[in-house]
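Residue-level structural notes
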Amino acid sequence: MKRKISHSDNYDPILLERMLFKLSKRWIAGYSNTDAISEASKSNQKGMSAILNYLGEGYTQESETDKSVKEYLTLLNLLKTKNVRGSISVKPTQIGLSIGYDVCLENFTKISEKAKQNGYFMWIDIENSKYVEDTLSIYLEVLRKNRDTGVAIQSYLKRSYSDLLHLMENSANLRIVKGAYSGETDEAYQSNSEVSQNFSRLMGVVMKEATYEGILAVATHDSKLIDEALSLSSKGSEKMKNLQFQLLKGIRDELKQQLVKSGYTVLEYIPYGEKWLHYSLRRIRERKRNIFLLARSLIES
């Protein structure tokens, strides 16, 4: 729910939103699926594939989840019609996991069937720890019917090592991320160094299997981890098959092009939609430079 802003706040809420949106265009495509398709086409022109995400999560009303499902179905048709090289990424609580397991599975099945019909890959995003068990279970059910489906694994969670081994037994397609959530000490690593060490451990387990059949997506902007992935991928007589690097729109653009020029598969994660503000504020908090950009835009406006 949006906070009502009074005149005593001494700023114009409409002007502030416009300035925030201007800054947020670094990380989001815009409000609509046509904005998303346009940005995806730009990624293609730069030698990258796109991962499109319709922003939203934590929905508890079926009207909200139904809207999200319809949006992804429309998006998949647009990708095909516009001949864009890309994929989609969906959050479980966006399409019903907060309502119930069966609702979410049914909705993922609908989207997966459309993705398979149109020839596009579907990623399943991972959320906070209370949803992980159900998310991985849903993923494995969807994977049985559509091999072009992947799931994220978060290195901040201590359980992720055993989850990874189980997923590898099913030749899963994996996206390793650090994770944007937090947890208690019994379930989650608390320091950045521990999270990075576990990321390295998870990545190493998969990359040591040079002939692993599933996709491994290294989804981080951490230079040390990326360098480690590059080093591991070139060891031995055979490079790992299906290695990808996934990076967010608007972040490490020079690195993306370096990877592309070196012959690696690079995917740009491009979110869009009406829920842009929460996502953008998270990006701003993550990097001090983003706060400086916001301050400068406020001064110059």
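The present account deals with the structure reproduced in this document.

Reading the values: the criteria
- Residues numbered from 1 in each chain as written.
- Predicted model: local features only at pLDDT ≥ 70, side-chain atom pairs only at ≥ 80, totals over all residues.
- Heavy atoms only, no water.
- Helix = DSSP H or I, 4+ residues; strand = E, 2+ residues; numbered from the N terminus.
- Buried < 20%, exposed > 50% of the residue type's maximum accessible area, 1.4 Å probe, protein only.
- Contact = heavy atoms within 4.5 Å.
- Areas by Shrake-Rupley, 256 points an atom, 1.4 Å probe, with all protein chains shown as cover.
- Patch = residues over 30% accessible without salt bridge, like charges linked within 9 Å, V, L, I, M, F, W, Y side chains within 5 Å.
- Salt bridge = Lys/Arg side-chain N within 4 Å of Asp/Glu carboxyl O.
- Lys, Arg positive; Asp, Glu negative; His and termini not counted.
- Charge placed at Lys NZ, Arg CZ, Asp CG, Glu CD.
- Arc of directions from axis to C-beta.
- Pairing = 2+ DSSP bridges.
- Axes fitted to C-alpha atoms, helices over the stretch in contact; angles between N-to-C directions.
- Parallel < 35°, antiparallel > 145°, perpendicular 65-115°, else oblique.
- Phe/Tyr/Trp six-rings, centres within 6.5 Å; stacked < 30°, edge-to-face > 60°.
- Lys NZ or Arg CZ within 6 Å of the ring centre and 35° of its normal.

1. Let's talk about the overall build of the protein chain
Summing up its helical and strand segments, the protein chain has 11 helices and 8 strands in all. Residue burial in the protein chain is summarised as follows: out of 301 residues, 51% are buried. Sequence separation of at least 24 residues holds for 72% of the intrachain contacts in the protein chain that already meet a minimum separation of 6. About 15300 Å² of surface is accessible on the protein chain, with carbon and sulfur atoms providing 49% of the total.

2. Details of a negative patch on the surface
A cluster of like negative charges, contributed by Glu62, Asp66, Asp102, Glu106 and Glu141, occupies part of the molecular surface. Secondary-structure elements contributing two or more residues to the negative patch are helix 3 (62-81) and helix 4 (101-118). Residue placement: Glu62 occurs in helix 3.

3. Remarks on the environment of Leu267
Mapped onto the secondary structure, Leu267 falls in strand 8 (residues 265-272). Placed 218 residues apart in sequence, Leu267 and Ser49 show a C-alpha to C-alpha distance of 4.7 Å. In this structure, Leu267 is in contact with Ser49, Ile51, Ser87, Gln244, Phe245, Gln246 and Leu247, ignoring residues within four places of it in sequence.

4. Quick look at the environment of Gln117
Residue position: Gln117 is located in helix 4. Each C-alpha atom, one on Gln117 and one on Asn77, is 9.8 Å from the other, the two residues being 40 residues apart in sequence.

5. Notes on helix 9 (residues 253-261)
Of the residues making up helix 9, those classed as buried are Leu255, Lys256 and Leu259. The buried side chains of helix 9 occupy one side of the element, clustering within an arc of 105° when seen end-on. Relative to its buried face, helix 9 has exposed residues pointing more than 90 degrees away, namely Glu254 and Lys261. For helix 9, the secondary structure elements touched by its buried residues are helix 8 (223-233), strand 7 (243-248) and strand 8. At the exit of helix 9 stands Gly263, carrying a positive phi of roughly 90°.

6. Notes on the sheet that holds strand 3 (residues 121-124)
Taken in spatial order, the 8 strands line up as 1-2-3-4-5-6-7-8 and close into a barrel, and their pairing is parallel. Sheet twist, expressed as the mean angle between neighbouring strand axes with direction ignored, is 30°. The pairing of strand 5 (residues 173-177) with strand 6 (residues 216-218) spans 3 bridges and is classified as parallel. Bridge pairing in strand 6 links Ile176 to Val218. Sitting on the sheet, helix 3 is in contact with strand 1 (49-54), strand 2 (86-90) and strand 8, with an inclination near 155° to strand 1. Of the strands in this sheet, strand 3, strand 4 (149-154) and strand 5 touch helix 5 (residues 132-145), which is tilted by about 160° from strand 4.

7. With respect to the side chain of Thr220
Following the sequence through the fold, Thr220 ends up in the loop between strand 6 and helix 8. Beyond its immediate chain neighbours, meaning those up to four positions away, Thr220 contacts Lys178, Phe199, Leu225, Ile226, Gln246 and Leu247.

8. A few points about the packing of helix 3 against helix 4
At a minimum axis separation of 9 Å, helix 3 and helix 4 run at an interaxial angle of 10°. Our classification of the angle between helix 3 and helix 4 gives roughly parallel. Residues Glu62, Thr65, Val69, Tyr72, Leu73, Leu76, Asn77 and Lys80 of helix 3 pack against Val103, Asn107, Lys110, Ile111, Lys114, Ala115, Gln117 and Asn118 of helix 4.

9. Observations concerning unusual backbone geometry
Its identity as a non-glycine residue notwithstanding, Asn83 has a phi of 55°, on the positive side. As for its placement among the helices and strands, Asn83 is situated in the loop between helix 3 and strand 2. Despite not being glycine, Arg252 has its phi angle at roughly 55°, a positive value. Its location among the elements puts Arg252 in the loop between strand 7 and helix 9.

10. Structural notes on the packing of aromatic side chains
This structure, assessed with the given rule, holds 4 aromatic pairs. Ring geometry for Tyr54 and Tyr272: centres 5.4 Å apart, planes at 40°, overall tilted. Of the two residues, Tyr54 sits in strand 1 while Tyr272 sits in strand 8, which places them 218 residues apart along the sequence. Cluster of aromatic residues (ring-pair linked, three or more members): Tyr54, Tyr72 and Tyr272. We note Arg201 situated over the ring of Tyr161; from NZ or CZ to the ring centre the distance is 3.8 Å.

11. With respect to the pattern of salt bridges
The full count for this structure, using the stated rule, is 10 salt bridges. Here Lys42 ties to Glu39 by a salt bridge, and the two come within 3.3 Å at their closest N and O atoms. On the criterion of helical spacing, the pair formed by Lys42 and Glu39 is a turn pair, its members being 3 residues apart in helix 2 (residues 33-45). Using a relative accessible area of 41% as the deciding quantity, one classes Lys42 as partly exposed. Taking the relative accessible area as the measure of exposure, Glu39 reaches 14% and is therefore buried.

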